[in-house]
Structure formats: C-alpha cells, structure tokens
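Overview (structure and organization)
As a plain string of letters, each chain reads:
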Amino acid sequence: MKLCYLYVNTTQLIIFVKVCFQVSTCQNWSFTFPRSIQAFKDACVEIPCTFTRPQLYDKPFNIIWYLYHPVDYLQIYNSGNPSRVLSKYKGRTSLVGNTTISCTLRINNVENDKLYYPGISTRINSWDLNEKQSVEVKVTELIDKPLLTVPSILTEEVPVTIVCSVQHTCASSPPSFIWNKNGSIDEHHEDLKDGNWRAVSQILYNPILQDNKTQLLCTVTFQNGKQSHEGCTLNILTASKRHIYIIISVVSGMICLLLLLGIYIYLRKRKSHSVPSNKIIGIKDMKTIDSTYAELQKHDNSNEYEELKVKINIYQDMKTTHSEANHGIKNIPKRCENIDKNYI
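Parameters and conventions
Residues numbered from 1 in each chain as written. Predicted model: local features only at pLDDT ≥ 70, side-chain atom pairs only at ≥ 80, totals over all residues. Heavy atoms only, no water. Helix = DSSP H or I, 4+ residues; strand = E, 2+ residues; numbered from the N terminus. Buried < 20%, exposed > 50% of the residue type's maximum accessible area, 1.4 Å probe, protein only. Contact = heavy atoms within 4.5 Å. Areas by Shrake-Rupley, 256 points an atom, 1.4 Å probe, with all protein chains shown as cover. Disulfide = S-S within 2.5 Å. Pairing = 2+ DSSP bridges. Axes fitted to C-alpha atoms, helices over the stretch in contact; angles between N-to-C directions. Polar contact = N/O pair within 3.5 Å; in protein donor to acceptor, adjacent residues only side chain to side chain. pLDDT = per-residue confidence, 0-100.

A count of helices and strands for the protein gives six helices and 19 strands. Counting over 344 residues, the protein shows a buried share of 30%. Relative to all contacts within the protein whose residues are 6 or more apart in sequence, the contacts with residues 24 or more apart total 61%. On the protein, roughly 23,300 Å² of surface is accessible, and the fraction owed to carbon and sulfur atoms is 56%.

Structure (structure tokens):
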C-alpha cells in the first residue's frame, strides 16, 4: 500500500485506510466448486466446495450459500445466522466435510433446477469476485439403472465375483444394495470428481445347479426411497459339462478356420487359371486370338472374352488406319523423285 499524505481529520483517515484494506483483502478470497451437478428429484445432492482466504484475515466469518437472484442476495445456508435463511430451505441445507477450508453444501429434497454460489458476505462471494461463477443443480426424475457385471458361463462350486455399481451425487448418503442370492458382500465408493460418485457392491457368489436358469437381481435404493434394479439369467454348468463346452468351442473355431482357409485356396487357384484382363494385345498376339478364345471358353470366362473383343476392335481400327497411311505414301507422285535428283 502506498503511503498517502492527506490533510483530513483523524476519523476520515481511519475510514479511508479501512476501506483500502478491505478492498485489497477481497482480491485474495477464492472459491472452488463445479459449474454444474446432477441431482435426483426429492433426493439429496452435495456440492463440493473449497475456499482460500488472505493470510492476514483473522476475523471470524460465516460460510454462506446464496440462491441466484438478479437483485437480492437470497441465503439458503448461513453457518452463523440460520434465521437469515429462506424459509423453504430451512432444515434442508448443511455443510459437510471436516476440513477448515471446506464449504461443501448438502441440499436435501432437491426440487428444481437452480443456480447457487458460496461466499462470506454480500461483497465477498464467488459471484462478485470470480466473474459471476455459480453452480447449476440440474434435477432429473430418471433414476440411473445399476451396471451389473457377471460372467456369461458359471461353473458349479467355482466361486466368482459379481459386481453391481451405480452413480450418484450424495456422498454422505449413498444408495444401498440388495442381492437376491447368497454370498459374501463388500461395498465401497469411488470418487469420480466434481461431486460425482460411484457406489459399488461386490458379491462373492458360489454357483449351485439349483440356480441354473434363474434370475440374479441387484436392487439399488436411493436416499429418496426410489429403487432401480438390474438382473440377468444365470447359466451354470457342471465341471464335466464345462469341459465339453470348451471342447465344442475349440472344435467349432477350428472348423471355421479350416473353412476360411479352403475358400482362400479355392479363390487363389481360380485366379491363377484365369487370363489377366489387363493384358495388352499387340500385332503378334493376334496370331493367338483363336487359342486365347478357346482357353476363355474352356474356363467359362465370358467377361474376359468381352474385354478381349473390345481390344480386338481397337486393334482392327489401328490396322485400318495403318493400311490407309501406307497407301497414301505409295501414291505420292513420282515427280518428287525427279525434283530431288535435280536438287542434288
């Protein structure tokens, strides 16, 4: 800060220095959060958020989240003064995260698409400091179906791991899983960044013949109570049948390979016996046209015979032109010879 010499009274100087200090500290506040996030209607959503503040800023402050309004600053959360929050958001919003720089907001019973932004006051917030930065919460009524990963062929008494997963945006209240088969279950959550998460449930399933051709179901229940499920029909073989299945698969593959090889050899032989269609027919070749035609008839290559006829016609035209040229040369008046002799 530059040293200013002002001839003002003490009160005016204190106000001037205070304002300058506040303006300089505003520039050191920043808020980081995604620009959009999806939420299921009537469910919860968590908007990840962190902030930085000036090192010399040691005053107490409240984390506030605002609902976008073109004129007013409508609060949907206030960590220090909940009475300032809009009535329709009271009891529905809270901060999550245990770090001192976290401003992650949770909203329960999400209703409509809205724009929100964080801050600590009407002057220090992401909208005014960071070029109108806000997050759009996009609400959908469609519940995602879980993704089920299971081997196509199972063997009796050979345990396999089957995976069921689904994405969501409420980390502190993830969806729950229910399997319709017995097995050891393990669940975990994967951070996909920007508020998106994947809930994963794994079951260690031991196939039995009684389950053959039955449905395996994975049912997911979200925080709003809505459910979604995915299933598949189990195909379970005994150990002996699996060996037979593998043998049949190998033999079928070999037969297909041999058929392809036979077709390839047949085509190569047929190509080697055919007369090239791009062969140029010259004067000497005309002597063997009869034998060539006979060869084409022998192999029933009618298409190549048609091409040969075209080339024969071209040759005949060339021959006619050549004969006419020779006839013209022979008819040159003999007086040309006399002129040449006199000239010599």
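By the definition in use, this model includes three disulfides. What pairs with Cys49 in a disulfide is Cys103, and their sulfur atoms sit 1.8 Å apart. Every disulfide takes its handedness from the sign of the S-S torsion; for Cys49 and Cys103 that torsion is -70 degrees, giving left-handed. Placement of the pair is Cys49 in the loop between strand S3 (45–47) and strand S4 (50–52) and Cys103 in the loop between strand S7 (93–95) and strand S8 (105–107), with a sequence separation of 54 residues. The residues Cys49 and Cys103 share a single accessibility class, namely buried. The disulfide bridge from Cys164 ends at Cys218, spanning 2.0 Å between sulfur atoms. Between Cys164 and Cys218 the sulfur-sulfur dihedral comes to about -90 degrees; the bridge is accordingly left-handed. Separated by 54 residues along the polypeptide, Cys164 in strand S13 (residues 160–168) and Cys218 in strand S17 (residues 215–221) bring together distant segments of the chain. On the basis of relative accessibility, which here comes to 0%, the residue Cys218 falls in the buried class. The connectivity of the disulfide-linked cysteines in the protein, indexed sequentially, is 1-5, 2-3, 4-6.

Attention now goes to the sheet that holds strand S14 (residues 176–179). Taken in spatial order, the three strands line up as S14-S17-S18 in an open sheet, and their pairing is antiparallel. Of all strands in the sheet, those bounded by a partner on one side alone are S14 and strand S18 (227–233). Averaged over all neighbouring strand pairs, the angle between strand axes comes to 15 degrees, with direction disregarded. Judged from the seven bridges that link them, S17 and S18 form a sheet pairing that is antiparallel. Pairing of Leu217 across the sheet is with Gly231, part of S18.

By the criterion of burial, strand S6 (residues 74–78) is predominantly enclosed, with five of the five residues buried. With four bridges connecting them, strand S5 (residues 64–67) and S6 associate as antiparallel partners. Paired with Leu67 across the strands is Leu74, a residue of S6.

Let us look at the side chain of Thr104. Examined against the element boundaries, Thr104 turns out to sit in the loop between S7 and S8. What makes Thr104 buried here is its relative accessible area of 13%. In terms of polar contacts, Thr104 uses its side chain to reach the backbone amide nitrogen of Cys49, at 3.1 Å. Apart from residues no more than four positions distant in its own chain, Thr104 is found in contact with Ile47, Pro48, Cys49, Ser94, Leu95 and Val96.

This brings us to the confidence of the model for the protein. Here the protein averages 79 in pLDDT, while 68% of its residues score no lower than 70. Overall, residues 1–24 carries pLDDT values under 50, and its contacts beyond four positions in sequence, including any with other chains, amount to four contacts. Below pLDDT 50 for its whole length, residues 277–283 participates in eleven contacts with residues either more than four positions away or in separate chains.

What follows covers the environment of Arg35. Inspection of the secondary structure puts Arg35 in the loop between strand S1 (30–32) and strand S2 (36–40). The spacing of Arg35 and Ile47 is twelve residues in sequence and 9.7 Å in space, taken between C-alpha atoms. Sequence-distant contacts of Arg35, that is, excluding residues within four places in its chain, are made with Gln133, Ser134, Val135 and Glu136. Looking at Arg35, its side chain comes within polar contact range of the main-chain oxygen of Phe33, at 2.6 Å.

In this section: the sheet that holds strand S15 (residues 184–191). Sheet architecture is open: four strands sit in the order S11-S13-S16-S15, paired in antiparallel fashion. Each end of this open sheet is capped by a strand with a single partner; those strands are strand S11 (147–149) and S15. Sheet twist, expressed as the average angle between the axes of neighbouring strands with direction ignored, equals 15 degrees. Note that S11 and S13 share three bridges and pair antiparallel.

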